[in-house]
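# Tertiary structure, described
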Amino acid sequence: MKTDCDQAVDGIRFEDRPPPVADFIRMRADCGWGELSPALAGPALDASLLAITAVDGDGRIAGFVRAVGDPLYLYIQDAIIAPERRGSGLGKAMMQRLLVRIDADFPNAHVMLMCAKGREGFYAGLGFEARPSENFGPGMQRLR
């Protein structure tokens, strides 16, 4: 049975792996998330429990998303789409594919994420609930 996550998006193929370190560094910087060294980026990617990388017909990375954590709590990290691919449905297809894999590989895990301001509706459409809510307080973070 085919699901939405099996659908091709404008000549993109999905690979169940993290992106190459250089693409990870470049795309994070292009999104304004700061510069990372290869010495930091490589181990971060290696620690991914699951990852989806979108590759276009020319072999360029069009986007990626990854999950980190443990069998009880997973955090979706670094959901990044190349600027020219935004609005194409690629982000939704990658997230759906990742969630299918999470449900198969980590059926008891709570899945969380922190989204960019204004993207709450996108993630709500994928089944995520904004915090704070009736049962949960706000998300918290400690940045360095």
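Higher on the page you've got the structure.
Described below are features of the structure shown in this document.

Criteria and thresholds
Residues numbered from 1 in each chain as written. Predicted model: local features only at pLDDT ≥ 70, side-chain atom pairs only at ≥ 80, totals over all residues. Heavy atoms only, no water. Phe/Tyr/Trp six-rings, centres within 6.5 Å; stacked < 30°, edge-to-face > 60°. Buried < 20%, exposed > 50% of the residue type's maximum accessible area, 1.4 Å probe, protein only. Salt bridge = Lys/Arg side-chain N within 4 Å of Asp/Glu carboxyl O. Helix = DSSP H or I, 4+ residues; strand = E, 2+ residues; numbered from the N terminus.

## Digging into the packing of aromatic side chains
Evaluated as defined, the whole model comprises three aromatic pairs. When the ring of Phe122 is compared with that of Tyr123, the centres are 4.9 Å apart and the planes differ by 85°; the resulting orientation is edge-to-face. With relative accessibility at 12%, the residue Tyr123 sits in the buried group. Between Tyr123 and Phe128, the aromatic rings sit 6.2 Å apart at their centres with planes inclined by 85°, giving edge-to-face as the arrangement. Considered together, Tyr123 and Phe128 belong to a single accessibility category, that of buried residues. In this structure an aromatic cluster arises from ring pairing among Phe122, Tyr123 and Phe128.

## As for the pattern of salt bridges
The final tally for this structure, using the stated rule, is 10 salt bridges. Residue Arg28 is joined to Asp78 by a salt bridge in which the shortest nitrogen-to-oxygen separation is 2.7 Å. With Arg28 in helix H1 (residues 21–30) and Asp78 in strand E4 (residues 73–81), this pair connects stretches of sequence that are 50 residues apart. You'll find Arg28 and Asp78 in the same group, each marked buried. Arg66 serves as the salt-bridge partner of Asp78, at 2.6 Å between the closest nitrogen and oxygen. Taken together, the residues Asp78 in strand E4 and Arg66 in strand E3 (residues 61–69) connect sequence positions 12 residues apart. In this pair, the class of Asp78 matches that of Arg66, namely buried. Via salt bridges that share partners, Arg13, Glu15 and Arg17 belong to a single interconnected network.

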